[in-house]
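Spelled out from the first residue to the last, the chains are:
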Amino acid sequence: MPGLGGRFSTVVKAKISKLLDRAEDPQETLDYSYEKQLELLQNVKKGIADVVTSKKRLQLQSGKLEQQVVKLDTQARQALSAGREDLARAAMERKVLAQTELQSLDQQVKELEDQQQRLIENEQKLRTKIEAFRTKKEVIKAQYSAAEAQVQISEAATGVGEQMADVGLAMQRAVDKTEQMRARASAVEELEAAGTFEDITALGEGSDDIDRQLKELTSASAVDDELAKMRAELGTGEGEKPAGELGAGSAPAETTEERPQ
Amino acid sequence: MIVRIATEGQFEVDQAEYEAINDLDSQCVEAVEAGDEERFRQLFSQLIAMVREKGRKLGDDELVHSDVILPPEDTDLEEAKQEFTGEGAIPDSLIPGSG
């Protein structure tokens, strides 16, 4: 393996050390570091806001999918009670698909929450370190000779520099993760746009025979419901056979009418 | 000895633990070289756990440099591999002032 230079920690440390060695003049290090520290603190805030935005977007999608799952489930039940197993199956297939996506989205939301938490902690840590650095900077300027100051500053700057590198790393990882999620969210949106999770009756293009039949079924059962309601209000049965209550002793005839099939 | 777990924080670990940490660290590298994901995950978690357990977490206002820096806990095998060949878990470019 090319470039295999040694142990894990050595390689990681070497990278950071290399970067920290760049600043030579302690005074420059001091001011430059402090400036950079504040700059990075702003970036971390932006990074956190970014993660929150992505999370909200995923949560929104997740909510939509949840609704679709409920809707498809209801449709599957309707279809099944009407004896249309084919339609029930079609609805269930979509429901399962939507559920799978939902699980994956929820998992991602959780991951983003972890990232967010970690960034917030890191931001706090960096803020505290920067403040400690600022204090130390003033003390060093006031009390030490140039030679002593150099040593002190260099240690302090390294301490903060490491933290900066670390926050930078945490942020980079959060951004990477967020970008992956964005790609994922877009993919889900595309599926949505293609009607993959749509409830079966609301399908636009590609509306096939099954969809049409289910639509008919839904409206047919709605008509049934309305008729049943009407009959109840009128206190009659089917019209031609007003024996609903009177003929209670006879065969338990179903009051729901035959559906046109 | 100061050990940093990247993206987590610094720990002061007794010098006596150095050998154990060093050993696990080397084993991690071997697992990475062998491309053994499971073994890498296991060893690396052990390494992180050891530092957390044996170490004293440094305060946020302590400004000291680390003697050892470990990659982030959630480093996967792919990132670990790149650590030795390319940018890895700690890309050079992300550190402010490096450009």
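Residues numbered from 1 in each chain as written. Chains lettered and ligands numbered in written order. Predicted model: local features only at pLDDT ≥ 70, side-chain atom pairs only at ≥ 80, totals over all residues. Heavy atoms only, no water.

**Describing the overall build of chain A**
To be explicit about the condition: Numbering of helices and strands starts at the N terminus; helices are DSSP runs of H or I of at least 4 residues and strands are runs of E of at least 2. Throughout this description, buried means an accessible area under 20% of the type-specific maximum (1.4 Å probe, protein chains only), exposed means over 50%, and partly exposed covers the range between. Residue contacts follow a heavy-atom distance rule, with two residues in contact if any of their heavy atoms lie within 4.5 Å.
A tally of regular secondary structure across chain A gives 5 helices and 0 strands. Ordered by position in the sequence, the α and β elements of chain A form the string α-α-α-α-α. Counting only residues that meet the buried cut, chain A has 38% of its 261 residues in that class. Restricting to contacts in chain A with at least 6 residues of sequence separation, those with at least 24 account for 83%.

**Focus on the pairing of strand β2 (residues 9-12) of chain B**
Residue and element names in this part refer to chain B. To be explicit about the condition: A pair of strands counts as paired when DSSP detects no fewer than two bridges linking them.
For strand β1 (residues 2-5) and β2, the ladder comprises 4 bridges, and the chain directions are antiparallel. Of the residues in β2, the one forming a bridge with Val3 is Phe11. Counting the residues between successive antiparallel strands, the hairpin from β1 to β2 contains 3 residues, one of them, Thr7, with a positive phi of roughly 65°. Judged from the 2 bridges that link them, β2 and strand β3 (residues 56-57) form a sheet pairing that is antiparallel. Looking across to β3, one finds that Glu12 is bridged to Arg56.

**Details of a negative patch on the surface**
Residues and elements named next belong to chain B. Selection criterion: To count toward a patch, a residue needs a relative accessible area above 30% and no salt bridge. Like charges then connect within 9 Å, nonpolar side chains (Val, Leu, Ile, Met, Phe, Trp, Tyr) within 5 Å. Using a 1.4 Å probe, the Shrake-Rupley method yields the accessible areas, and only the shown protein chains count as cover for residues. When a carboxyl oxygen of Asp or Glu lies within 4 Å of a side-chain nitrogen of Lys or Arg, that pair is called a salt bridge. Positive: Lys, Arg. Negative: Asp, Glu. His and the chain ends are not part of the count. Lys charges are placed at NZ, Arg charges at CZ, Asp charges at CG and Glu charges at CD.
Negative charge collects at one region of the surface, where Glu19, Asp23, Glu30 and Glu33 lie side by side. Following the sequence through the fold, Glu19 ends up in helix α1 (residues 18-34). Overall, Glu19 belongs to the exposed group, its relative accessible area being 54%.

**Some thoughts on the nonpolar core**
Soluble, globular proteins show a tendency: their nonpolar side chains are buried together. Note the cut-off: For our purposes a nonpolar core is just a set of buried Ala, Val, Leu, Ile, Met, Phe, Trp, Tyr and Cys residues, chained together by side-chain atoms within 4.5 Å.
Among the nonpolar cores identified, the biggest contains 29 residues, and Leu40(A), Val44(A), Leu58(A), Leu119(A), Leu126(A), Phe133(A) and Leu63(B) are the most heavily contacted of them. Breaking this core down by element, the ones donating at least two residues are α2 (26-81), α3 (85-143) and α4 (146-193) of chain A. The biggest single contributor to this core is α3(A), with 10 residues. When sequence neighbours within four positions are dropped, the list of residues in contact with Leu63(B) reads Lys129(A), Ala132(A), Phe133(A), Lys136(A), Glu155(A), Ala156(A), Gly159(A) and Val160(A). Core analysis: the next-biggest nonpolar cluster, separate from the first, contains 21 residues, Met1(B), Cys28(B), Phe40(B) and Leu43(B) among them.

**So, the confidence of the model for chain A**
Residues and elements named next belong to chain A. Threshold: A residue's pLDDT is the confidence the predictor assigns to it, expressed on a 0 to 100 scale.
When pLDDT is averaged along chain A, the result is 72, and 66% of the positions lie at 70 or above. Here residues 203-207 scores under 50 on pLDDT; set against residues more than four positions off or in separate chains, the count is 5 contacts. A low-confidence stretch, residues 238-258 stays under pLDDT 50, and its non-local contacts, those more than four residues away or across chains, total 9 contacts.

**Regarding the packing of α1(B) against helix α2 (residues 37-54) of chain B**
Residues and elements named next belong to chain B. Filter applied, for reference: Angular values range over 0 to 180 degrees, each being the angle between N-to-C directions of two axes fitted as lines to C-alpha atoms, with helices fitted over their stretch in contact. Comment on the angle field: the value is read as roughly parallel under 35 degrees, roughly antiparallel over 145, roughly perpendicular from 65 to 115, and oblique elsewhere. In this scheme the handedness of a crossing depends on how the near helix is turned from the far one: anticlockwise by less than a right angle means left-handed, clockwise means right-handed. For this scheme, ten residues count as nonpolar: Ala, Val, Leu, Ile, Met, Phe, Trp, Tyr, Cys and Pro. Four count as charged, namely Asp, Glu, Lys and Arg, and the remainder, Gly too, count as polar.
Where α1 meets α2, the axes come as close as 9 Å, and the angle between the chain directions of the two elements is 160°. Taken together, the axes of α1 and α2 lie roughly antiparallel to each other. In this structure, α1 crosses over α2, and the sense of that crossing is left-handed. Residues Ala20, Ile21, Leu24, Asp25, Gln27, Cys28, Ala31 and Val32 of α1 lie in contact with α2, whose contacting residues are Arg39, Phe40, Leu43, Phe44, Gln46, Leu47, Met50 and Val51. Here the contact of α1 with α2 is built from residues that sort into 12 nonpolar, 2 polar and 2 charged.

**Details of the sheet that holds strand β4 (residues 68-70) of chain B**
Residue and element names in this part refer to chain B. Taken in spatial order, the 4 strands of this open sheet run β3-β2-β1-β4, and their pairing is mixed. Of all strands in the sheet, those bounded by a partner on one side alone are β3 and β4. Pairing of β1 with β4, which is carried by 3 bridges, proceeds in the parallel orientation. Looking across to β4, one finds that Val3 is bridged to Val68.

**Overview of the pattern of salt bridges**
One pass over the full model with this rule turns up 13 salt bridges over all chains. Of the charged contacts in the structure, one is a salt bridge between Glu113(A) and Lys55(A), with a shortest N-O distance of 3.7 Å. Of this pair, Glu113(A) sits in helix α3 while Lys55(A) sits in helix α2, placing them 58 residues apart in sequence. The class for Glu113(A) is partly exposed, based on a relative accessible area of 35%. A salt bridge links Lys95(A) to Asp73(A), with the nearest nitrogen and oxygen atoms 2.8 Å apart. Placement of the pair is Lys95(A) in helix α3 and Asp73(A) in helix α2, with a sequence separation of 22 residues. Judged by relative accessible area, Lys95(A) falls into the buried class, the value being 12%. On the basis of relative accessible area, Asp73(A) is assigned to the buried category, the value being 18%. A cluster of three or more residues bridged by salt bridges with shared partners is formed by Arg118(A), Glu8(B), Arg52(B) and Glu73(B).

**With respect to the environment of Arg127(A)**
All names here are of chain A. With respect to the element layout, Arg127 can be found in helix α3. Residue Arg127 is classed as partly exposed on the basis of its relative accessible area, which comes to 33%. Linking Arg127 and Gln37, residues 90 residues apart in sequence, is a C-alpha distance of 8.7 Å. In this structure Arg127 touches Leu41 and Lys45, once residues within four positions along its chain are discounted.

**Some details on the environment of Thr74(A)**
All names here are of chain A. For Thr74, the location among the structural elements is in helix α2. You can call Thr74 partly exposed: its relative accessible area is 38%. Residues Thr74 and Ala88 lie 14 residues apart in sequence; the distance between their C-alpha atoms is 9.5 Å.

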